[in-house]
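# Close look at the chain arrangement
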Amino acid sequence: MGDLKPIFSYLKPYRRELAAAIILLLAECIFEMVIPLLMTDIVDVGVPNHDIGFLYRQGGLMALCAVLALVSGFLYARFAARAAYGFGAQLRLAEYQKMQDYAFSNLDRFSTASLVTRMTTDITNVQMAFMMCTRVAVRAPLNLIFSFAMTMYICSEIAPTFLIAVIFLMVVLGVIMVVTLKIFNEVFRRYDDLNASVQENVGAIRVVKAFVREDYEGKKFNKASDMLYKLSVKAESLLAFNNPAMMIAVYFCIIMVSWMGAQFIVAGDLTTGDLTSLFSYIMSLLMSLMMLSMVVVMISMSMASI
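Computed from a prediction, not measured in an experiment: that's the story for all the values here. (Residues numbered from 1 in each chain as written. Predicted model: local features only at pLDDT ≥ 70, side-chain atom pairs only at ≥ 80, totals over all residues. Heavy atoms only, no water.)

## Section: the overall build of the protein chain
Across its full length, the protein chain carries ten helices and zero strands. Reading the helices (α) and strands (β) of the protein chain from amino to carboxyl end gives α-α-α-α-α-α-α-α-α-α. Counting across all 306 residues of the protein chain, residues that qualify as buried make up 39%. The contacts in the protein chain between residues at least 6 apart in sequence include a share of 84% that link residues at least 24 apart. When the accessible area of the protein chain is evaluated, it comes to approximately 17300 Å², of which 68% is carbon and sulfur surface. (Helix = DSSP H or I, 4+ residues; strand = E, 2+ residues; numbered from the N terminus. Buried < 20%, exposed > 50% of the residue type's maximum accessible area, 1.4 Å probe, protein only. Contact = heavy atoms within 4.5 Å. Areas by Shrake-Rupley, 256 points an atom, 1.4 Å probe, with all protein chains shown as cover.)

Structure follows, in structure tokens:
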């Protein structure tokens, strides 16, 4: 983590925007978590008693929570975008200023193609990963905590089902991330070769044509491009295991909650509204994990870029 401190020191001018984004995201999560509880009252109280007034009141509260969640999400997006793009701009400027101070020995060591890759592809990857992490890395744990707390509140016997799915997914995602990180490190080294080939051809196009070296340069570019293609396909093939693992966890939770919930309803320990809320919290929890699995790609790429 110590190696990352110099990178994230450029985030200091945008600490207020980042703090505001996190607070707004917390508010959005709370409003979303309240909606299934209101739905429980509608199913268990309003519908059986045919209480139209109660249904209107609960429905109005649900609509209010939905609107507040929407507004919080919109404001979060604005503040998060300012922090992420400002962070990228500061980091890119710092790199450019650092390059101006390089001695000739440094310039001989780093190729132009490598420096271009650092300031473009790498900075963009870090910037996008940071923006996604402010959303997912904050939202997913909050949703996990709130959803698990609500399932414990509704039915503590069913709640451990979620823990089994979460542990399974964390293990799978952790393995995928460790393996793909090594591949992405190699991918970005290959980007240097590709950029070098393009730079040499564009910068010396007259010389290439004068000596009739088009075929040679074309083969050289194709070799660099083909290697980049193979490494990228290999990484994406490993990342493709995210979706099957997620589906296993989703269907495991649905089956277990349906089976156990039906038994509790028959025994009178659980209501139909409670079971409806449990399914809502299942989807909220697992959708958070699904977003987390999607951002694993960006995290892997950004760690290689960092």
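## Thoughts on the environment of Gly 261
Mapped onto the elements of the fold, Gly 261 is located in helix H9 (residues 242-267). Put simply, Gly 261 and Ile 158 are 103 residues apart on the chain and 7.8 Å apart in space, counted from C-alpha to C-alpha. Beyond its immediate chain neighbours, meaning those up to four positions away, Gly 261 contacts Ile 158, Met 256, Leu 270 and Leu 275.

## Topic: the nonpolar core
Counting 27 residues, the largest nonpolar core has Cys 155, Ile 158, Leu 270, Leu 278, Leu 285, Leu 286 and Leu 289 as its most contacted members. Counting residues per element, the ones that place at least two in this core are helix H5 (112-154), helix H6 (160-203), H9 and helix H10 (272-305). Dropping the residues within four chain positions of it, Leu 289 is found in contact with Leu 144, Val 166, Leu 169 and Met 246. In this structure, Leu 18, Ala 84, Phe 87 and Leu 91 belong to the second largest nonpolar core, which totals eleven residues. (Core = buried A, V, L, I, M, F, W, Y, C linked by side-chain atoms within 4.5 Å.)

## Observations concerning the side chain of Glu 28
For Glu 28, the location among the structural elements is in helix H2 (residues 15-49). Note on Glu 28: relative accessible area 6%, which makes it buried.

## Describing the environment of Ala 27
Mapped onto the secondary structure, Ala 27 falls in helix H2. Judged by relative accessible area, which is 24%, Ala 27 ranks as partly exposed. C-alpha of Ala 27 to C-alpha of Ser 72: the two residues are 45 residues apart in sequence and 6.7 Å apart in space.

## Comments concerning the confidence of the model for the protein chain
Caution applies to low-pLDDT regions: their predicted coordinates should not be interpreted in detail. This prediction gives the protein chain a mean pLDDT of 77; 85% of its residues lie at or above 70. Mean pLDDT values for the elements of the protein chain range from 68 in helix H7 (residues 205-210) up to 85 in helix H3 (residues 52-100). (pLDDT = per-residue confidence, 0-100.)

## Considering H9
With 26 residues, H9 ought to run about 38 Å at 1.5 Å a step, and its terminal C-alpha atoms sit 38 Å apart, in line with that. Among the residues of H9, those classed as buried are Asn 242, Ala 245, Met 246, Ala 249, Val 250, Cys 253, Val 257, Met 260, Gly 261 and Phe 264. The positive-phi residue at the C-terminal boundary of H9 is Gly 268, with phi of around 85°. (Expected span 1.5 Å × (residues − 1).)

## Re the side chain of Ser 72
Tracing the chain through its elements places Ser 72 in helix H3. Residue Ser 72 is classed as buried on the basis of its relative accessible area, which comes to 8%. Setting aside residues no more than four positions away along its own chain, Ser 72 makes contact with Leu 24, Ala 27, Glu 28 and Phe 31.

## So, a nonpolar patch on the surface
Taken together, Leu 163, Ile 167, Val 171, Val 175, Val 178 and Val 179 make up a surface patch of nonpolar side chains, about 520 Å² in accessible area. You can see Val 179 is positioned in helix H6. (Patch = residues over 30% accessible without salt bridge, like charges linked within 9 Å, V, L, I, M, F, W, Y side chains within 5 Å. Salt bridge = Lys/Arg side-chain N within 4 Å of Asp/Glu carboxyl O.)

## What to know about the environment of Tyr 281
Within the element layout of this structure, Tyr 281 appears in helix H10. With 133 residues separating them along the chain, Tyr 281 and Phe 148 place their C-alpha atoms 7.9 Å apart. Sequence-distant contacts of Tyr 281, defined by excluding residues within four places in its chain, comprise Met 33, Pro 36, Leu 37, Ser 147, Met 150, Thr 151, Ile 154 and Phe 162.

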